[in-house]
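Per-entry structural report
Take a look at the letters that make up each chain.
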Amino acid sequence: MNLLVLVTLFSVVLAEKSPRLKFSVMESPRFRFMEPENYTAVYHQKETDVLYVGGKGVIHKLSFSDKGVHDTQIPVVMDDNAKEMCASKSTALKPECDNFITLIEKVGDSVVVCGTRAGSPNCWLLVNDSVLTDIPGEIVAPNILAPFPSQRSISLSADGNLYSALSAAAGQPGSIRRTYGSKKQLKTENKWLQNPQFAGAAVIPHKEKLKDEIYFFFSEVNSTAKLDEEPYRARIGRVCMVDEGGLPNMLPNSWTTFLKARVMCGKAGTPVQYNNFKQAFVLTSDLRTGLIYGLFSNSWNTTVVCAYSIEDIDKAFSTSKLKGYNAPLAAPRPGTCAFKNNTQAHNQKILTVIKDHPEIEDMITPVDETPLELPVHDHFTQIVADTVFAVNDEHYSVIYLGTEKGKVLKVLHTIEGAFIIAQYSLFQDDSPVINMAIDSKKGHLYIGTELEVQRLPLADCGRYGVSCRECILSRDPYCAWDPSKRKCTAIPANYNVTTGNLLQTLDHSSASVCGDATAHKARSTIPKQVVVDKDGPVLLPCPVRSYHATYRWKKDNCVKQYPCTISGSSCVLAPTPDLPLKEGVFRCLVEENGLQQEVVSYKLVFNGGPLSTSLASTLGSALLLAAAAHWLL
């Protein structure tokens with residue numbers, strides 16, 4: 001097999017893994033900040049149109065509608081002396097010497113807001129969406145958030161309590177705590193974590209309330225790393241929500257159910273591993289099933305996504321040996337979720353085992369033993385996901401990835417792997433995506449940079465085209481072809497899979513369900529006449545719809561075949577020494593999944609040749625080519 005064939009095959013395979021469609025979206029509701037907000041906390045209450053964004057000394061309450069965004073600003077004032085005192089300590093700290101709002105969470109019936117307050121954190125309650133008041137009772141803000149926004153802290157509200165994870169920084173060891181609410185405040189022992197950097201947290205529910213857990217995702221220093229090993233190791237830590245601490249003389253104010261496991265992200269059997277846990281998103285149910293999507297990077301800042309089975313993780317925490325503990329494990333097993341009055345689970349011996357051996361031996365490996373195949377030349381910065389009920393009575397995962405260049409990828413994840421449905425270009429300045437929030441009930445995705453926040457619909461079916469084939473080949477679980485209305489439409493929430501007639505194919509790229517709609521002959525277009533100088537530049541543009549399709553040019557009924565080079569959103573025919581262009585009709589053909597269509601055609605006429613169209617038509621085509629030439633050069 002010659003080199004040209006190999007390169008062609010590689011290009012086709014790579015094209016099929018890249019985004020199929022690319023959209024530039026400028027019409028979505030959006031809000032632009034007056035100045036950059038580099039450190040933003042985001043809170044979105046499900047089934048509302050309101051997004052709270054924490055800024056510098058202010059909370060933005062953004063109310064979205066199809067017509068636009070209304071911003072209600074809630075000021076969070078602080079003493080100017082505190083800023084000056086902070087800045088005087090270190091020049092390096094000066095940019096962080098303000099009151100950055102880094103936590104907004106609804107805990108029970110109250111909204112808790114916390115700010116860094118120039119290195120002396122404080123928390124308040126947000127009353128009537130307009131006023132901040134002091135929190136009654138005792139709350140230790142430094143246990144909830146870091147004194148400066150560059151030190152990452154993670155917060156999670158669950159069952160009327162606030163759980164907080166502080167990354168290690170400036171001599172502080174880092175911790176996982178229950179910090180506010182009706183239950184007892186608890187913490188991790190210092191020796192359980194090795195300078196952790198937290199990436200996220202999530203509730204892992206169970207059909208038995210007693211067994212509800214919280215997972216924490218983080219990286220920590222690999223204290224035994226050799227010179228050729230990565231300095232970090234990715235981890236999942238877990239605690240039981242029912243945990244109320246230990247005995248008066250053993251872990252009295254600490255977790256009695258904390259366990260952690262090493263997480264692997266990389267191709268099995270290779271040294272290429274991604275150990276820096278950047279972010280996680282959990283799709284779960286009360287049956288302890290579902291997936292965890294983790295965003296990871298390596299020492300070269302290459303980013304990948306790995307998916308993990310919650311069922312496998314739960315099994316590992318329930319059955320694995322404990323690292324460094326060789327004696328038989330007592331029953332009930334150390335770390336078992338149990339009420340404090342359960343003396344069998346809270347005796348001195350079991351608590352001693354947990355205190356000294358919190359890590360399990362089994363490593364957590366990704367499904368398919370490898371990261372998702374997402375060959376995108378950009379770094380991922382944010383990840384959220386959704387579970388979608390399709391017309392075949394199955395559930396599918398859709399992942400949204402924010403990137404460093406301000407793009408959003410919409411990805412279908414099936415047992416066959418990852419399929420990039422579309423890439424959205426949303427922001428004119430290409431700033432990195434720094435936060436995302438998803439609302440499955442209302443069907444919205446919120447995306448933010450330091451300059452702007454906007455909202456996209458999850459079911460954006462109208463973008464895929466007007467034919468059954470275009471709708472089906474999108475492989476978007478939110479969308480299906482309605483034969484009666486002849487349009488690509490969002491699947492209704494109350495759709496009956498038994499009696500409904502919507503068409504959809506998700507597990508592979510095939511439009512065969514469209515029947516005769518895919519069997520018609522390729523339509524012919526009316527050639528646009530183009531008059532050029534015989535020795536002048538000629539650039540014939542062909543609009544690109546699908547980046548998984550194959551585009552080519554033919555001249556005068558396939559007497560000659562010309563390649564089509566994709567650049568941006570056009571596929572361009574340009575002459576080469578081996579393929580000089582002569583007068584005639586050039587047709588741009590596209591083929592995808594066995595169906596060939598004609599996109600556009602041109603009749604090329606050199607100056608002095610016969611004209612069959614009006615001067616206005618010729619002039620229009622000439623201007624089109626001039627614009628294309630200017631754009632490409």
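The structure presented is a predicted model; accordingly, all values stated were derived computationally and were not measured.

1. Some points on unusual backbone geometry
Omega for the bond connecting A331 with P332 falls within 30 degrees of zero, at 0°, which places this linkage in the cis form. Even without being glycine, N301 reaches a positive phi, approximately 65°. Within the secondary structure layout, N301 lies in the loop between β20 (290-297) and β21 (303-309). Overall, N301 belongs to the partly exposed group, its relative accessible area being 33%. Its identity is not glycine, yet D368 carries a phi of approximately 65°, on the positive side. As for its position among the elements, D368 is in the loop between α4 (348-356) and β22 (380-389).

2. A few points about the nonpolar core
Ranked by internal contacts, the top residues of the largest apolar core, which has 50 residues, are F216, F217, F296 and Y308. Considering each element in turn, this core owes the most residues, 5 residues, to strand β16 (residues 213-221). Not counting the four nearest positions on each side in its chain, Y308 is found in contact with V263, M264, C265, G290, L291, I292, F296, I313, I364, T365, P366 and V367.

3. Let's talk about the pattern of salt bridges
A complete count under the given rule lists 27 salt bridges for this structure. Residue R587 pairs with E598 through a salt bridge whose shortest N-O separation is 2.8 Å. Of this pair, R587 sits in strand β37 (residues 584-592) while E598 sits in strand β38 (residues 595-606), and the two are 11 residues apart along the sequence. Overall, the relative accessible area of 5% leaves E598 in the buried class. What you see here is one network of salt bridges that share partners, running through E220, R235, K260, K323 and E359.

4. A look at the sheet that holds strand β34 (residues 560-563)
Through backbone hydrogen bonds, the strands of a sheet pair up, either in parallel or in antiparallel fashion. Ordered by their spatial adjacency, 5 strands build an open sheet running β31-β38-β37-β33-β34, and the pairing between neighbours is mixed. Where the open sheet ends on each side, the last strands, each with one partner, are β31 (528-532) and β34. Taking each pair of neighbouring strands and ignoring which way they run, the sheet shows an average axis angle of 30°. Pairing of strand β33 (residues 550-555) with β34 involves 4 bridges; the strand directions are antiparallel. Residue pairing for β34: R552 is matched across the bridge by P563.

5. A short note on α4
Within α4 the residues assigned to the buried category are I350, L351, V353 and I354. Take α4 and look down its axis: the buried residues cluster within an arc of 155°, on one side only. Two or three places before K349, at the start of α4, stands the capping residue N347, its side-chain oxygen 3.1 Å from that residue's backbone nitrogen.

6. Things to note about the environment of S155
In this structure, S155 sits in strand β11 (residues 153-158). Along the chain, S155 and R178 lie 23 residues apart, while their C-alpha atoms are 9.6 Å from each other. For S155, the contacting residues outside a window of four places in its chain are L103, E105, I144, L162, Y163 and S164.

7. Regarding the pairing of strand β7 (residues 101-107)
By the criterion of burial, β7 is predominantly enclosed, with 5 of the 7 residues buried. Linking β7 to strand β8 (residues 110-115), which pair antiparallel, is a turn of 2 residues; within it G108 sits at a positive phi near 65°.

8. Observations regarding the confidence of the model for the protein chain
Considering every residue of the protein chain, the mean pLDDT works out to 88; 92% of them sit at 70 or more. Here residues 1-14 is a poorly scored stretch, pLDDT under 50, and it has 3 contacts once near neighbours within four places are set aside; other chains count.

9. Considerations on the packing of aromatic side chains
By the definition in use, this model includes 14 aromatic pairs. A centroid spacing of 5.7 Å and a plane angle of 45° characterise the contact between F23 and Y424, whose relative ring orientation is tilted. Residue F23 is found in strand β1 (residues 21-24), and its partner Y424 is found in strand β25 (residues 417-425); the two are separated by 401 residues along the sequence. Like F23, the residue Y424 is buried in the burial classification. Considering the side-chain rings of W192 and F258, the 5.3 Å spacing of their centres and the 5° angle between planes classify their relative orientation as stacked. Placement of the pair is W192 in the loop between β14 (186-187) and β15 (197-204) and F258 in the loop between β17 (232-240) and β18 (259-263), with a sequence separation of 66 residues. An aromatic cluster of three or more residues is present, and its members are F217, F277, F296 and Y308. Between R238 and the ring centre of F317, over which it is positioned, the NZ or CZ distance is 5.7 Å.

Reading the values: the criteria
- Residues numbered from 1 in each chain as written.
- Predicted model: local features only at pLDDT ≥ 70, side-chain atom pairs only at ≥ 80, totals over all residues.
- Heavy atoms only, no water.
- Helix = DSSP H or I, 4+ residues; strand = E, 2+ residues; numbered from the N terminus.
- Buried < 20%, exposed > 50% of the residue type's maximum accessible area, 1.4 Å probe, protein only.
- Core = buried A, V, L, I, M, F, W, Y, C linked by side-chain atoms within 4.5 Å.
- Contact = heavy atoms within 4.5 Å.
- Salt bridge = Lys/Arg side-chain N within 4 Å of Asp/Glu carboxyl O.
- Pairing = 2+ DSSP bridges.
- Axes fitted to C-alpha atoms, helices over the stretch in contact; angles between N-to-C directions.
- Arc of directions from axis to C-beta.
- Polar contact = N/O pair within 3.5 Å; in protein donor to acceptor, adjacent residues only side chain to side chain.
- pLDDT = per-residue confidence, 0-100.
- Phe/Tyr/Trp six-rings, centres within 6.5 Å; stacked < 30°, edge-to-face > 60°.
- Lys NZ or Arg CZ within 6 Å of the ring centre and 35° of its normal.

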